Amino acid sequence: MVQILDPTDERVPVKRELTQRPEHITGTVGFLDISKPRGNVLLDRLEELFNERLPEVEVRRYAKPTFTKPAPEDLRRKIAEECGFVIEALAD
Amino acid sequence: MATETALRPFTLSDGDGTEYRFPSGRPALLCFVHEECQTCALSMPLIEATHRAFGDAIDVWAVGQDTPGNATLIERHGLTLPMLDDDALAVSFAYDLDTVPSIFLADGEGRELRSFIGFGKQDWQDLHGDLASLSSLVVPEVAWDELPESRPGCGSRSVEPGIAERLIAESEGSPLRARRLDIGDNNDIHEFLYDQGLTDGLPVVPPTPERVLRMLGGTKRDSQELVAVVPPNMAPATVEKIAINAVMAGCKPGYLPVVLTAVEAMCTDEFNIHGVSATTMGATPMMLINGPIRDRLGLNYKLGALGAGHRANAAIGRAIRLVLANVGGGKPGGTERSTLGSPSKFTLCIAEWEERAPWEPYHVEHGFQPEDSVVTLFAATGGPTMVVDHTSRDARQIGGSIGLVLEGIAHPKAHGASDTFLVLCPEHLDTLQTNGWTKDKLRARIQEASSRPLRDLLSDGESGVGVSLERFGDTGPTEEQLNEMIPKFADPSSIHIVVAGSDAGKFSSIFQGWATGPRGSQIVSRKIEEA
């Protein structure tokens, strides 16, 4: 038998359950632009459609400082506090 | 005669499985021996005679260091004393033995009264005197005249190479804390490591506790010290975890300080390994080593400087990739999303031929001392791309050639987007030196040769890449704007220059960067403190 040392971080992967999806969208929806080119084009169009079809829903726009790094902790907390839903736009 | 030293308690069995506990409440004479040792062979009859004389009052035990050898000793010398089996060498290690025979006399509570190593006639005679006083028994008859005055002992098995590392790894004070994985005899260890997703696709050196211990010998840092938190899983990388991956990569212990410093540099917010790893563009950390450590570790910076064939370059570059994948969890298809990947993702570690150029080497240019050893990390997305120029005869021409090739990196119309590492070959350097050029002069010439008027950089029917006309509003750009010359690089400082390669050949090479600056990845240089 050979014994070796574990080269990984030895963490058991955390399995996360998806939050229950509600029947209707209400309240505030956050639109997160990750700051890639043309992400705003997609979100602008989406916002038009939301205003048209879901006028009772408030849309709030957010942007990551750069697409190359994870969203800063403060931004994540702000979105979680202010929104019931979030749509993140990838782009290029 | 008595010392305050308490000998380590232990329990060992003899060949029949009978257990012996030390201390037993009676005074004890512990005689560590090994069958292959001539001095042990010389001492065995004396040890047996001691047992026969004092055994009624004192535990006289042999502690033998290998099971078959113990049986041989019993048979060869007709031993009647208990021969305890320390084949695992745990007790020999706990007693910190260098030599066999090692003889310890202890009182009933295990406190050391006397000890000696090897064979000494006077030592044994004094010992017999002690035993007689302790037991009120009579010293045995020994033909002292037939024995030599003294004989040195032999090396204890517990300090033999390979065994010593295993014993340290298994001891209570072991610096190893990582989870141990047992691989059964029916498994091929290499297949196991592939199957567990722990390799980069090539075989790795199995990180046994012994090898990891030897690797840890390359640093003075505590094995459990946190070196960095590694994206994307934000996992803590201790010295030990990095050492494990360094073993797997094929590093020697001397490389470890470089790997530790490189991991620190890689995990800074400035370098942004999260983005470097995740980008579909296919970036990889390129490592540059400067300073005296280059020669101490045998890093190649001459013929074939960019690879392959040199262990230090290959293994150090590979080690940080394995740390990223195994500790940080940055694996292809997971958070590593490169469209095409790159062979440079296996390893990319170069060193500078500092002595070849009249210029300051890279690390000195960036504020370090010449005697400092420094690791620099650069996020490379492409290269090496050749600058082939056999015919230029002066500095301006060579600089022009390099500028023209550099204009093409990523896309000829993409100006101001990236930075670059230029690896200048010695022959091109010599041509630059015929005119006494500095690095700054070369940078300025590259900017000049790579400059294009805005009209050539517009996004158009030839190629959609480039400056969008929308930027200029309904009126469009003016003639003056269209004629403005725009260099390839936003700033000359985006052109990083080092010298490497063999003296023969007019081939320099360039590596292209990724998204430069705070929005992407910035070059990070760190001094190797233990170099």
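Residues numbered from 1 in each chain as written. Chains lettered and ligands numbered in written order. Predicted model: local features only at pLDDT ≥ 70, side-chain atom pairs only at ≥ 80, totals over all residues.

**Focus on the overall build of chain A**
Part 1: Check the secondary structure of chain A and you find two helices and four strands.
Part 2: Counting from the amino terminus, chain A carries its helices and strands in the arrangement β-β-α-β-α-β.
Part 3: Scaling as 2.2 N^0.38, a compact globule of 92 residues should have a C-alpha radius of gyration of about 12 Å, whereas chain A reaches 18 Å, well beyond that.
Part 4: By principal-axis analysis of the C-alpha atoms, chain A measures approximately 70 × 30 × 25 Å.
Part 5: Buried residues in chain A amount to 13% of all 92 residues.
Part 6: The long-range share in chain A, meaning contacts at least 24 apart out of those at least 6 apart in sequence, stands at 77%. (Helix = DSSP H or I, 4+ residues; strand = E, 2+ residues; numbered from the N terminus. Rg over C-alpha atoms; globule rule 2.2 N^0.38 Å. Buried ≥ 20, exposed ≤ 12 C-beta atoms within 10 Å, placed from the backbone. Contact = placed C-beta atoms within 7 Å.)

**Here's the deal with the domain arrangement of chain B**
Part 1: Under the domain assignment used here, chain B contains domain 1 (10-160) and domain 2 (176-344).
Part 2: With centres defined by C-alpha atoms, the gap from domain 1 of chain B to domain 2 of chain B works out at 48 Å. (Domains from an automatic or database assignment.)

**Quick word on the sheet that holds strand β17 (residues 374-380) of chain B**
All names here are of chain B.
Part 1: An order of β16-β15-β17-β24 is seen for the four strands of this open sheet, with the pairing classed as mixed. Bordering the open sheet on either side are β16 (349-351) and β24 (524-527), each of which pairs with just one other strand. Adjacent strand axes in the sheet meet at a mean angle of 25 degrees, parallel and antiparallel pairs treated alike.
Part 2: Two elements, strand β15 (residues 284-290) and β17, share seven bridges in a ladder whose sense is antiparallel. (Pairing = 2+ DSSP bridges. Axes fitted to C-alpha atoms, helices over the stretch in contact; angles between N-to-C directions.)

**Digging into the interface of chain B and chain A**
Part 1: Each partner contributes to the interface: chain B provides 33 residues, whereas chain A provides 15 residues.
Part 2: Elements supplying a minimum of two residues to the side of chain B that touches chain A: β12 (180-183), α7 (209-216), β14 (235-238), α8 (239-249), α10 (273-278) and α12 (311-327) of chain B.
Part 3: Its residues placed into classes, the side of chain B that touches chain A shows 17 nonpolar, ten polar and six charged.
Part 4: In terms of strand pairing, strand β1 (residues 2-5) of chain A meets β12 of chain B through four bridges, oriented antiparallel. Across the sheet, the residue bridging to Q3 of chain A is D182 of chain B, located in β12 of chain B. (Nonpolar A, V, L, I, M, F, W, Y, C, P; charged D, E, K, R; others polar.)

**Points about the nonpolar core**
Soluble, globular proteins show a tendency: their nonpolar side chains are buried together.
All names here are of chain B.
Part 1: In this structure, A246, C251, V259 and V263 are the most contacted members of the largest nonpolar core, which totals 104 residues.
Part 2: Take this core: its biggest share by element is eleven residues, from α12.
Part 3: Counting 37 residues, the second largest nonpolar core, distinct from the first, contains A28, L29, C40 and I58. (Core = buried A, V, L, I, M, F, W, Y, C linked by C-beta atoms within 7 Å.)

**Structural notes on the environment of V29 of chain A**
Residues and elements named next belong to chain A.
Part 1: Looking at the element boundaries, V29 is found in strand β2 (residues 28-33).
Part 2: Placed 58 residues apart in sequence, V29 and I87 show a C-alpha to C-alpha distance of 7.4 Å.
Part 3: Residues within four places of V29 in sequence aside, it is in contact with F50, V57, V59, C83, F85 and I87.

**Regarding the sheet that holds strand β19 (residues 420-424) of chain B**
All names here are of chain B.
Part 1: What the four strands build is an open sheet, ordered β18-β23-β19-β22; its pairing is mixed. What marks the edges here is a single partner per strand, and that holds for β18 (382-388) and β22 (495-499). For this sheet, the mean angle separating the axes of adjacent strands, direction not counted, is 25 degrees.
Part 2: For β19 and strand β23 (residues 507-512), the ladder comprises four bridges, and the chain directions are antiparallel. The partner of L422 across the bridge, within β23, is I510.
Part 3: Where helix α14 (residues 395-407) meets the sheet, its contacts fall on β18, β19 and β23, and the angle it forms with β18 comes to roughly 145 degrees.

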